[in-house]
Amino acid sequence: MSGPKHARPKGTRDWPPEAAARRRQVERVFRHTAGIFGFEEIITPTFEHAEVFLKSSGEASDIVTKETYTFPDRAGRQLTLRPEGTPGVVRAVLEERLRLPCRLFYYGPYFRYCRPQQGRAREFHQFGVELLGEADPEADAEVIVLGKWFFDDLGVADCAVQLNSIGCRECRPGYRSALVEFLSARRGELCSDCAARLERNPLRVLDCKNESCQLVYAGAPKPAELLCPECREHFVAVRAALERRGLRYALNNRLVRGLDYYNRTTFEYVSGRLGEQNSLGGGGRYDYLFEEFGGPPTPAVGLAIGMERTMLAMPAAPAGPGRRRLAFVIWMTENERAAAGELLDQLRVDGVPAQACFEGRPGRQFKAADAARAACCVIIGPDELARGVVGLKDLATGEQTEIPRNIVTPEVRALFRD
Ligand code: AMP
């Protein structure tokens, strides 16, 4: 086959059926995990007024300054394809007047104009949860534990949790000036991005990946060292709750996260399998965001997990064609076509996915069954028709048996290996 006339846009990908099926499986695990923790789904638009993200993710954040897809619509309104989930959820909770406290989860596509590489795309998907209206440190632990259970369920074996606290409105200004003072004296050693961040968004310098910057920051004051008594108490309680629940974590005193709205707890799930883009997901507390949107003060904590990176960190799919829960009905001559049609519909009525290829001789039908990755073929020829039996061929092993027609459904089901 020659290539298509149009390629997909840079930073996007296709999900052919096998990949789509694997992805849906991951989505099911997420929905299940969120569900058993009491979270309900919320669905919000894929684009919002541009201010929704300017106000929340932060005008100085890298995501908003460099990575959003923002465009005027035909009436001149500035719209932004959502680069992340939380701001839209907060807007929707206020607009829909949802009762608090509440637990919401979301899943869908997100868009960032970034440099595509392994684990970084322009269209990607996130799972997220938001626990709204609870200030208690147990709420932070609940969200962190939920994410870990999700990764454990999927067999992401080397997922480590990193934890930090970045303080609140009371203690952050003091920390910020201590950091700026420390860094200003070493401005010459910083990369150009960090030199610019120093004015706009000094906390972000701490997670710069540049090696020479890292050396400078090794000696810088850390957010958790200058917490006010209330923030320190909260942090101690989050750690105690995690320890009580058997969740292992590592403190990372440079973990500030890329979005401006966090306060107190920040956390990240990292995987050694992923190389440079090693963050599977993360989150934190964001107690001030509702006020930014004109709402009442509302404590909140949430997480976002990247679906594609999760799939990269999962154990590889079993080799060979993944067979589907699908029976392929095959007839040998035109005389059995009607009986085959009845069999097809009987299987479907019984709830067994079943398919046939309406064109061609048996050889072509068998090829179609293989292309469809069916689990088995149900074969009916003149002899089988006369005797009230069918042939049942297991396509994974190649074994064929003969069975009475009236027990086709349970026999086919027994061949489905999930
Ligand atoms: P963030 O919203 O930046 O905290 O990202 C949360 C998670 O979403 C990350 O840990 C990644 O797993 C995923 N993610 C973020 N940006 C991208 C991207 N451009 N491509 C793929 N996954 C991403």
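Scroll up for the structure.
All of these numbers come straight from a predicted model, not from anything done at the bench.

Caption draft 1: Representation of the overall build of the chain. Along its length, the chain carries 15 helices and 16 strands. Compactness check: the chain gives a C-alpha radius of gyration of 27 Å against a globular reference of 22 Å for 418 residues, more than 25% above the reference. With the principal axes as the frame, the chain shows a C-alpha extent of 90 × 50 × 45 Å. For the chain, buried positions account for 50% of its 418 residues. Restricting to contacts in the chain with at least 6 residues of sequence separation, those with at least 24 account for 69%. Entry remark: accessible area of the chain is about 20800 Å², with carbon and sulfur atoms responsible for 51%.

Caption draft 2: How the structure looks around the pattern of salt bridges. Counting across every chain of the model gives 22 salt bridges. A salt bridge links Arg91 to Glu95, with the shortest nitrogen-to-oxygen separation between them at 2.8 Å. Note that Arg91 and Glu95 are positioned in helix 4 (residues 86-95) at a spacing of four residues, about one turn of the helix. Owing to a relative accessible area of 55%, Glu95 belongs among the exposed residues under this scheme.

Caption draft 3: Representation of the nonpolar core in the model. If you look at the biggest cluster of nonpolar residues, it comprises 48 residues, and the most contacted ones within it are Ile144, Phe150, Leu242 and Tyr269. For this core, the leading source of residues is helix 5 (residues 137-154), giving nine residues. Within the second largest apolar cluster, 40 residues are counted, among which are Val89, Ile166, Tyr262 and Ala304.

Caption draft 4: Seen up close, the packing of helix 6 (residues 172-184) against helix 7 (residues 192-200). Between helix 6 and helix 7, whose axes approach to 10 Å, the crossing angle comes to 145°. In this structure, helix 6 crosses over helix 7, and the sense of that crossing is left-handed. In contact with Arg176, Val180, Leu183 and Ser184 of helix 6, helix 7 contributes Leu198, Glu199 and Arg200. Among the residues making up the contact of helix 6 with helix 7, the classes are represented as three nonpolar, one polar and three charged.

Caption draft 5: Representation of the sheet that holds strand 4 (residues 78-81) within the structure. Read across the sheet, three strands follow the order 2-4-3 without closing on themselves; strand pairing throughout is antiparallel. Both edges of this open sheet fall to strand 2 (47-49) and strand 3 (69-72), since each of them pairs with a single strand only. Averaged over all neighbouring strand pairs, the angle between strand axes comes to 30°, with direction disregarded. Strand direction decides the pairing type here: strand 2 and strand 4, joined by three bridges, are antiparallel. Opposite Phe47, over in strand 4, you have Leu81 as the bridge partner.

Caption draft 6: Region of interest: unusual backbone geometry. Omega for the peptide link from Leu100 to Pro101 comes to 0°, which places this bond in the cis form. Along the chain, Pro101 falls in the loop between helix 4 and strand 5 (102-111). Not every positive phi belongs to a glycine, and Arg264 is a case in point at roughly 50°. Relative to the elements of secondary structure, Arg264 occurs in strand 9 (residues 263-271).

Caption draft 7: Just the packing of aromatic side chains, in detail. Considering all chains together, one arrives at twelve aromatic pairs under this definition. Here Phe37 and Trp149 contribute two aromatic rings whose centre-to-centre distance is 5.1 Å and whose plane-to-plane angle is 75°, an arrangement assigned as edge-to-face. With Phe37 in the loop between helix 1 (17-36) and strand 1 (40-41) and Trp149 in helix 5, this residue pair connects regions lying 112 residues apart in the sequence. For Trp149, a relative accessible area of 43% translates into the label partly exposed. Members of the aromatic cluster, each reached through a chain of ring pairs, are Phe30, Phe105, Tyr107, Phe127, Phe150, Phe151, Phe267 and Tyr269. Between the NZ or CZ atom of Arg13 and the centre of the ring of Trp15, over which it lies, the distance is 3.5 Å. Seen from the ring of Trp15, Arg23 lies directly overhead, with NZ or CZ sitting 4.8 Å from the centre.

Caption draft 8: Geometry of the state of the cysteines. If you walk through the whole model with that rule in mind, you get zero disulfides. We note that Cys377 lacks a disulfide partner, and the nearest cysteine sulfur, in Cys376, lies 7.0 Å from it. For Cys377, a relative accessible area of 0% translates into the label buried.

Caption draft 9: Structural context of the side chain of Thr80. On the secondary structure map, Thr80 appears in strand 4. One polar contact links Thr80 to Thr70, side chain to side chain, over a distance of 2.8 Å. Not counting residues within four places of it along the chain, the set of residues in contact with Thr80 comprises Thr46, Phe47, Glu48, Ala50, Phe53, Thr68, Tyr69 and Thr70.

Caption draft 10: Spatial organisation of the environment of Pro9. With respect to the helices and strands, the residue Pro9 is situated in the segment before helix 1. Its relative accessible area of 55% is what places Pro9 among the exposed residues. Along the primary structure Pro9 and Asp394 are separated by 385 residues, whereas in three dimensions their C-alpha atoms are 40 Å apart.

Caption draft 11: A look at the sheet that holds strand 13 (residues 354-355). Spatially, five strands are ordered 13-12-14-15-16 in an open sheet, and the strand pairing comes out mixed. Two strands close off the open sheet at either side, each with one partner strand: strand 13 and strand 16 (400-404). Pairing between strand 14 (residues 374-380) and strand 15 (residues 389-394): four bridges, direction antiparallel. Of the residues in strand 15, the one forming a bridge with Cys376 is Asp394.

Rules used throughout
- Starting from 1, residues in each chain are numbered consecutively following that chain's sequence as written.
- Totals for whole chains, interfaces and linings use all residues, but because this is a predicted model, local features are given only for residues with pLDDT of at least 70 and pairs of side-chain atoms are given and counted only at 80 or more.
- Side-chain measures were taken over the full set of non-hydrogen atoms in the model, leaving aside hydrogen atoms and water.
- Secondary structure counts use DSSP, requiring at least four H or I residues in a row for a helix and at least two E residues in a row for a strand, with both numbered from the N terminus.
- We take the radius of gyration over the C-alpha atoms and set the globule estimate at 2.2 Å times the residue count to the 0.38 power.
- Residue burial is assigned from relative accessible area. The probe radius is 1.4 Å, only protein chains are included, and a residue is buried under 20% of its type maximum, exposed over 50%, and partly exposed in between.
- Contacts are assigned to residue pairs that have any heavy atoms within 4.5 Å of one another.
- Values of accessible area rely on a 1.4 Å probe in the Shrake-Rupley scheme; residue burial ignores everything except the protein chains shown.
- Salt bridges are counted wherever a side-chain nitrogen of Lys or Arg sits within 4 Å of a carboxyl oxygen of Asp or Glu.
- Only buried Ala, Val, Leu, Ile, Met, Phe, Trp, Tyr and Cys residues count toward a nonpolar core, and they belong to the same one when joined by side-chain atoms within 4.5 Å.
- Here the axes come from fitting lines to C-alpha atoms, over the contacting stretch only for helices, and the angles between their N-to-C directions go from 0 to 180 degrees.
- Note on convention: the crossing is left-handed when the near helix lies turned anticlockwise from the far helix by less than a right angle, right-handed when the turn is clockwise.
- Only Asp, Glu, Lys and Arg are considered charged in this grouping, and only Ala, Val, Leu, Ile, Met, Phe, Trp, Tyr, Cys and Pro are considered nonpolar; every other residue, Gly among them, is considered polar.
- A pair of strands is treated as paired once DSSP finds two or more bridges between them.
- Pairing of aromatic side chains here covers Phe, Tyr and the six-membered ring of Trp, requires ring centres within 6.5 Å, and sorts the geometry by plane angle: under 30 degrees stacked, over 60 edge-to-face, intermediate tilted.
- Comment: the charge-over-ring label is applied if NZ (Lys) or CZ (Arg) is within 6 Å of the ring centre and within 35 degrees of the ring normal.
- When two cysteine sulfur atoms lie within 2.5 Å, the pair is treated as a disulfide.
- In protein, a polar contact means a hydrogen-donor-capable atom and an acceptor-capable atom, both N or O and within 3.5 Å, with residues adjacent in sequence counting only if both atoms are side-chain atoms; elsewhere, any N or O pair within 3.5 Å suffices.

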